[in-house]
Structures are given as C-alpha cells and as structure tokens.
Amino acid sequence: MELERSIDISRRQSKEHMCRITDLQEELRHREHHISDLDKEVQHLHENISALTKELEFKGKEILRIRSESNQQMRLHEQDLNKRLEKELDVMTADHLREKNIMRADFNKTNELLKEINAALQVSLEEMEEKYLMRESKPEDIQMITELKAMLTERDQVIKKLIEDNKFYQLELVNRETNFNKVFNSSPTVGVINPLTKQKKKNDKSPTNRFVSVPNLSALESGGVGNGHPNRLDPIPNSPVHDIEFNSSKPLPQPVPPKEPKTFLRYQ
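Everything quoted here is computed from the prediction, not taken from an experiment.

Trainee: I'm lost on the overall build of the protein in this one. Help?
Mentor: What the protein contains, in helices and strands, is three helices and two strands. Shown N-terminal to C-terminal, the secondary structure of the protein runs as helices and strands in the order α-α-β-β-α. Per-residue burial over the protein gives 5% buried out of 268 residues. Counted over contacts in the protein with a minimum sequence separation of 6, partners at least 24 positions apart contribute 71%. Here the protein has roughly 25,200 Å² of accessible surface; of this, 58% comes from carbon and sulfur atoms.

Structure (structure tokens):
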C-alpha cells in the first residue's frame, strides 16, 4: 500500500511535472518566437540605422556643399556690394565736390555783391552825412535862436540898468557922506569894547571903565589917513565913482523906484 501510495504520488508528481514541462515548453516556444520577432525587429532596426546613417552622411555632405555654396555666394554678394558702394561713394564724392565748387562760386558772387552794396551804402552814408552837415536850419531852431537872442538883449539891458542904479546909489552914498561930514563934526569920540582888558573880581567895588576911547579920527586924518581930506571918510577901495568931481552943495535927487517890476525871462 505504501508502495502503491508512493507510486501514485510519483505518478501524480510525474503528471504534474509533465504538465509543467509542457507549460514550460509552450512558454519556451513562445519565448523563442518572441525572440525571433525581436531579432527580426533588431535586424530591421539595424537596416534602418544603416539607412539613416547613409542618409545622414548624405545630408551632411549636402549641408557642407550648401554651406560652401552659400559662403561663396555671400562672398560674391559682398564683393558686389563693396563695388556698388565704392561706385556710389565715388558718385557722392563727385557730387559733393561739384556742389562745393558751386557753393564756393555762389559765395564769391555773394561776397562781391555784398562788397558792392557796402561800397554803395558807404557812398550813400557819406552823402547823407554831407547833407546832414549842410542841412538848413529848422523853423523851430530859428525861432529858439531868436528867442534866446531876445532874452540876451533883455538881460543886457537889465544888467546895464542895474549897473546904472549901482552907480547912482554909490554917488548918492558919497554925496550923503560928504554932507554928513560937513554938518556934523568929523572927529567924534567913539567908544569900543576892548576884549584884551582883564576882567576884575566881583568883590572889587572900584569903578571900571568898560569902554576905551580910540584915537581921534582927525589925528588919523592929519597923519595921512583919508587921502589928505580931513572932512571926508575913507573912500571905497577900487571904486570908480571917487574919480569924479561932485557938487557937495547940491545933493543928488532921490532914486525913483521903477513903476513896473523887473521880469527876468528864463528859457529851459
């Protein structure tokens, strides 16, 4: 029974093992199939990689070719632009020189014209100055000159009148002085204060002479004062009226004041 049991167990295990083996074989076939598919895919990928590598190499060569062509075109274009710019610069330089010459010629013409205008203006200015210096007098200037001349004439008349009045008053003064000396004594005693005398004390009750008599005028006159005339006062120095002989017996008439006040014109 044990043997049978063990045989049954072994059979059962063998069956299980067989099933497991079949399962594993099936899985192995499946894995092999999958590996074959993967190998095919890898091979296909290798083919694609080789194709892409070839295409990449071709594209690289194409890029290098295009780059060289573009560089060459750029150099050619740059050369063309440089040549064009040089031509334009030459044209602009020529135009600039031409315009400069034209402007210089215009400037010279304008300068000559300005010199001519300046000379004409200078001549005109000299003519105007000559006309201004030789101009006629204005009516208002002539009127002002006549008014000023009239004022000067009136002033001269006023000054002459004042000189005559002054002479008249000087003569009247001398005449009155002569008559006064004839009527009154010509040697009066005049008292003056002498500031050189010392002041006495207040307690001193003795009388003081506050006045000191001056020397007699007649003595001075007899000594040569008054030009040798004992009955006349000293004449006014530098006065022309003392050179005239006066009539001492008849006094001069009193001065008559003017009826109209003297008016002085003032021109501003």
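Trainee: Help me understand the confidence of the model for the protein in this model?
Mentor: Low pLDDT marks stretches whose predicted atomic positions should not be read closely. Residues of the protein with pLDDT of at least 70 account for 69%, and the chain-wide mean is 76. For the protein, per-element mean pLDDT is lowest for strand S2 (residues 212-213), which scores 41, and highest for helix H1 (residues 2-133), which scores 90. Counted against residues more than four places away or in other chains, residues 200-233, with its pLDDT under 50, gives 39 contacts.

Trainee: Would you mind going over the UniProt feature "coiled-coil region" (unreviewed entry) in the protein with me for this structure?
Mentor: Per the UniProt annotation, the sites labelled "coiled-coil region" (unreviewed entry) are residues 21-55. Span residues 21-55 is 100% helix and 0% strand, its end C-alpha atoms 49 Å apart.

Trainee: Looking at this structure, how should I read the pattern of salt bridges?
Mentor: Two side chains that carry opposite charge are able to pair once their charged atoms sit near each other. Inspection of every chain in the model, using the stated rule, returns seven salt bridges. A salt bridge links Glu27 to Arg31; its shortest N-O distance comes to 3.1 Å. Of this pair, Glu27 and Arg31 both sit in helix H1, four residues apart, roughly one helical turn. Residue classification places Glu27 among the partly exposed positions, given a relative accessible area of 37%. Of the charged contacts in the structure, one is a salt bridge between Glu62 and Arg65, with a shortest N-O distance of 1.9 Å. Residue Glu62 and its partner Arg65 are both found in helix H1; the two are separated by three residues, about one turn of the helix.

Trainee: Quick question: what am I supposed to make of the packing of aromatic side chains here?
Mentor: The relation between two aromatic rings is expressed through the spacing of the ring centres and the mutual angle of the planes. Within the structure shown, the criterion is met by one aromatic pair. An angle of 65 degrees between the planes, with centres 5.8 Å apart, marks the rings of Phe168 and Tyr169 as edge-to-face.

Trainee: I keep staring at a nonpolar patch on the surface and nothing clicks. Help me out?
Mentor: The grouping of Leu113, Leu114, Ile117 and Leu121 at the surface amounts to a nonpolar patch, some 380 Å² of accessible area in total. Of note, Ile117 is situated in helix H1. Of the residues examined, Ile117 reaches a relative accessible area of 39% and is grouped as partly exposed.

Trainee: Explain a negative patch on the surface to me, please; I cannot follow it from the model alone.
Mentor: A cluster of like negative charges, contributed by Glu126, Glu127, Glu129 and Glu130, occupies part of the molecular surface. Relative to the assigned elements, Glu126 resides in helix H1.

What counts, and at which threshold
Residue indices begin from 1 for each chain and proceed along its sequence in written order. At least 70 in pLDDT is required for a residue's local features to be given in this predicted model, at least 80 for side-chain atom pairs to be given and counted, and no such filter applies to totals for whole chains, interfaces and linings, which use all residues. Excluding hydrogens and water, the side-chain values take into account all heavy atoms of the structure. Numbering of helices and strands starts at the N terminus; helices are DSSP runs of H or I of at least 4 residues and strands are runs of E of at least 2. Relative accessibility decides the category of a residue: with a 1.4 Å probe and only protein chains considered, values under 20% of the type maximum give buried, values over 50% give exposed, and everything between is partly exposed. The contact criterion used throughout is that any non-hydrogen atoms of two residues lie within 4.5 Å. Each accessible area value is a Shrake-Rupley result obtained with a 1.4 Å probe; residue values ignore everything except the protein chains displayed when judging cover. On a range of 0 to 100, pLDDT expresses the predictor's confidence in each residue. UniProt positions are given in the numbering used here, feature names are shortened, and annotations may be inferred rather than shown by experiment. Only one rule defines a salt bridge in this text: a Lys or Arg side-chain nitrogen within 4 Å of an Asp or Glu carboxyl oxygen. When two rings of Phe, Tyr or Trp (its six-membered ring) have centres within 6.5 Å they constitute a pair, described as stacked for plane angles under 30 degrees, edge-to-face for angles over 60, and tilted for the intermediate range. Candidate patch residues must exceed 30% relative accessible area and have no salt bridge, after which like charges are joined if within 9 Å and Val, Leu, Ile, Met, Phe, Trp or Tyr side chains if within 5 Å. Positive: Lys, Arg. Negative: Asp, Glu. His and the chain ends are not part of the count. The atom standing in for a charge is NZ when the residue is Lys, CZ when it is Arg, CG when it is Asp and CD when it is Glu.

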